[in-house]
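The chain contents come next:
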Amino acid sequence: MRMQTPLGRVRGLGSARSGTRHWWHERLSSVATLLLFVWLIVSLLRLPRLDHEMLTLWLSGPLVAVPMLLLVAATFWHLKLGLQVVIEDYVHDDGNKLFWIAVLNFAALFGAGLAIFSVLSIAFGGAAGS
C-alpha cells in the first residue's frame, strides 16, 4: 500500500523516500505502546498488593514476561523514532546530525537491553543486581 500521490510516484519525489515509512512506524509503535501500557496498568490493578514479592512472582510467568518484553521493545523503538525526528528537524549540520543520531541509537539500544535483561532476570528467577 503506497501512501504517495500518483504525481509524486511519477516524479519520484518524496523526503528521501523514507518519510512515509518512518511516519507509519511511529504510528504503529505508538498504538502498540498504548495497548501494552493499558495491559500493564490493568494487570497491576488486578494484583492483590504491589510489593516486591508479588511483582516478582507476577513477572516470572511467561504470559506476563512476554508482553512486558514487547512493551519494552515498543517503547524504546517509539522513543528512538520520535527523537530521531526531533534531531533531523532541529540539528542542521550534517556531521552533528549523524553524531546525535548515532548517540540516540546507542542510548536506545542500551536502555532497551538493560530493561530486557532486567525482565528476563526476574522471569528466569535470577537475582537482579547481584
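It should be noted that the structure appears before, not after, this text.
The rules behind these values
- Residues numbered from 1 in each chain as written.
- Predicted model: local features only at pLDDT ≥ 70, side-chain atom pairs only at ≥ 80, totals over all residues.
- Heavy atoms only, no water.
- Salt bridge = Lys/Arg side-chain N within 4 Å of Asp/Glu carboxyl O.
- Core = buried A, V, L, I, M, F, W, Y, C linked by side-chain atoms within 4.5 Å.
- Buried < 20%, exposed > 50% of the residue type's maximum accessible area, 1.4 Å probe, protein only.
- Helix = DSSP H or I, 4+ residues; strand = E, 2+ residues; numbered from the N terminus.
- Contact = heavy atoms within 4.5 Å.

*Asks:* What should I look at first to understand the pattern of salt bridges in this one?
*Replies:* Two side chains with opposite charge may pair up if their charged atoms get near one another. According to the stated counting rule, one finds two salt bridges in the structure shown. R49 is the partner of D51 in a salt bridge, and the nearest nitrogen-oxygen pair spans 3.0 Å.

*Asks:* Explain the nonpolar core here, please?
*Replies:* Most often, soluble globular proteins have nonpolar side chains that are buried together. L40, W58, L59, M68, L71 and V119 are the most contacted members of the largest nonpolar core, which totals 13 residues. Elements that contribute at least two residues to this core include exactly α2 (19-45), α3 (52-59), α4 (62-90) and α5 (94-123). Top contributing element to this core by residue count: α4, with five residues. In contact with L59, not counting residues within four places along its chain, are V64, A65, M68, V119, I122 and A123.

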